[in-house]
Amino acid sequence: MTKDIYVIVEHRQENIRDITFELLTKGYELSKDRGKLNAVLLGYQNEKLVDSLKPFADTIINIEDERLKDFNAEYYQIALSSLLQEKKPFITLTGQTAFGIDFAPSLATSLDMPYTADCINVEIDNEKVLTEKQIYGGKVNSKVLLADNWGYIVSLRPGSFAPKEGELSAEVTTVPSAITEDIDYRNFVQYVEAVKGEVDITQSDIVIGIGRGIKEDKNLPLMEEFAKSIGGVLACSRPVVDAGWLPKDRQVGSSGKTVKPKLYIAVGISGAFQHVMGMKAADIIVAINKDPNAPIFTVADYGIVADLFQVIPKLNAKITEMKGA
Ligand SMILES: Cc1cc2nc3c(=O)[nH]c(=O)nc-3n(C[C@H](O)[C@H](O)[C@H](O)COP(=O)(O)OP(=O)(O)OC[C@H]3O[C@@H](n4cnc5c(N)ncnc54)[C@H](O)[C@@H]3O)c2cc1C
């Protein structure tokens, strides 16, 4: 019996979200020699989305319904519950995103199916499903073996896998929507675009992330000088925003922005997973932290264990000297 892998496609305003390609990369690995990799697309007038998914899956299961045009977790749950019950895929992958976590728990409950949320990996070991999660704020990784069942749902954290180029050529299977009635208790209203600030931290090749380690807002000019001298922009961890030192649009992490610069320098940032999620895809990560056991060093390519108030002025002076030369 083949064991298919399903990836629930996350899309917004006619664009497929990055997490989908990360899940399809992992799904490809899981489906090898086991079954087919299926991208499950729920939406309305999906032609453009179908085309962009074709290289990444063996099959695209296309479910179209006007009520699926904009995301509504209630309709997703109804449509997916019926599909999974009928097709019985082995593992269904969703993103640990506002999208995935909105429907995955109720979907698993409706099917009485094992579900692990917020995973950083999933493997099949001897046909048993083993997921990996971070606990204690990212200090410990735990492996969770799921109880035997015909199917499983796993939500994977964004940034856990680098997406690969697709080399497949999916066939498209159209499945009728199982939604029979309109629901009135939850409706999509509108998209509200975030207000754009003066600086777009997602567009810069060099990002300097500052954290609670800078201690006070009176130290911001020192950090701004550093960012400017190195040709980067200033971003930050959440406590810096909570303290009102920088605006929300500079926050990196799970409840902030995801940045993928060539160089990310984390200054006085501990490396909580919520922060790391937003910057781990940077090409090169440098961390400056006085605590040698700070988790940020586990994702850093280069680490400087030192007091930032000694390092930053020295770096500023050196850059000025080099520019002068
Ligand atoms: C639902 C939820 C969502 C969240 N979303 C985000 C998010 O999007 N982004 C985010 O960043 N966080 C987020 N958080 C918060 C996150 O869990 C951490 O609390 C936060 O990232 C810690 O920020 P920090 O590293 O700046 O501060 P801390 O954890 O306090 O770390 C400060 C670091 O500075 C170092 N330090 C102190 N003084 C110096 C010095 N003089 N020189 C060098 N190093 C020094 C310390 O050793 C320490 O490692 C979220 C939390 C929750 C619960």
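Details of the structure are given in the entry above.
Throughout what follows, the structure given in this document is the object of discussion. Here the structure is a predicted model, which is why all the values come from computation and not from measurement. (Residues numbered from 1 in each chain as written. Predicted model: local features only at pLDDT ≥ 70, side-chain atom pairs only at ≥ 80, totals over all residues. Heavy atoms only, no water.)

1. Notes on the side chain of T97
The topology assignment puts T97 in the loop between β6 (91-95) and α4 (100-111). A distance of 2.8 Å separates a polar atom in the side chain of T97 from a polar atom in the side chain of E10. If near-sequence neighbours (up to four positions away) are discounted, T97 is found in contact with E10, I19 and P158. (Helix = DSSP H or I, 4+ residues; strand = E, 2+ residues; numbered from the N terminus. Polar contact = N/O pair within 3.5 Å; in protein donor to acceptor, adjacent residues only side chain to side chain. Contact = heavy atoms within 4.5 Å.)

2. Section: the packing of aromatic side chains
Two descriptors summarise a pair of aromatic rings, namely the distance from one centre to the other and the angle between the planes of the rings. Going through the model one piece at a time under the given rule, you end up with nine aromatic pairs. When the centroid spacing of 5.3 Å and the interplanar angle of 85 degrees are considered together, the rings of Y76 and F99 count as edge-to-face. Here the residue Y76 occupies a position in helix α3 (residues 73-87), and F99 occupies one in the loop between β6 and α4, the gap between them amounting to 23 residues. Judged on exposure class, the residue Y76 and its partner F99 are both buried. Considering the side-chain rings of F99 and F103, the 5.2 Å spacing of their centres and the 85 degrees angle between planes classify their relative orientation as edge-to-face. (Phe/Tyr/Trp six-rings, centres within 6.5 Å; stacked < 30°, edge-to-face > 60°. Buried < 20%, exposed > 50% of the residue type's maximum accessible area, 1.4 Å probe, protein only.)

3. Here's the deal with the sheet that holds strand β16 (residues 302-305)
The five strands lie next to each other as β13-β12-β14-β15-β16, forming an open sheet whose pairing is parallel. With one partner strand each, in any of the chains shown, β13 (233-236) and β16 form the two edges of the open sheet. Strand after strand, the sheet turns through a mean of 20 degrees between neighbouring axes, direction not considered. The pairing of strand β15 (residues 284-289) with β16 spans four bridges and is classified as parallel. Residue pairing for β16: A287 is matched across the bridge by G303. Where helix α9 (residues 308-324) meets the sheet, it contacts β14 (263-267), β15 and β16, and its direction lies at approximately 130 degrees from that of β15. (Pairing = 2+ DSSP bridges. Axes fitted to C-alpha atoms, helices over the stretch in contact; angles between N-to-C directions.)

4. Comments concerning the site of the ligand
Near the ligand, the surroundings consist of 26 residues, among which S237, Q251, S255, S270 and N289 are the closest. For the ligand, an oxygen atom lies 3.0 Å from a polar atom in the backbone of R238. Q274 places a polar side-chain atom, nitrogen or oxygen, 2.8 Å from an oxygen atom of the ligand. Here the ligand loses 76% of its free accessible area of 980 Å² to cover by the protein chains. Here the residues of the shell around the ligand sort into seven nonpolar, 13 polar and six charged. (Near = heavy atom within 4 Å. Areas by Shrake-Rupley, 256 points an atom, 1.4 Å probe, with all protein chains shown as cover. Nonpolar A, V, L, I, M, F, W, Y, C, P; charged D, E, K, R; others polar.)

5. Some words on the sheet that holds strand β8 (residues 128-135)
Read from one edge of the open sheet, nine strands run β9-β8-β7-β10-β6-β1-β4-β5-β11, paired in mixed fashion. Taken across any chain shown, the strands that pair with only one partner, and hence form the sheet edges, are β9 (140-145) and β11 (171-174). In this sheet, adjacent strand axes meet at a mean angle of 35 degrees when their direction is disregarded. Direction of pairing for strand β7 (residues 115-125) relative to β8: antiparallel, over a ladder of six bridges. Directly across from C119, in β8, lies its bridge partner K133. Along the sheet face, α4 touches β1 (5-8), β6, β7 and β10 (152-156) and points at about 150 degrees away from the line of β6.

6. Thoughts on helix α5 (residues 220-230)
Within the span of α5, buried status applies to L220, M223, F226, A227 and S229. Buried residues along α5 sit against β12 (206-210), β13, β14 and α9. One or two positions beyond α5, positive phi appears at G231, with a value near 80 degrees.

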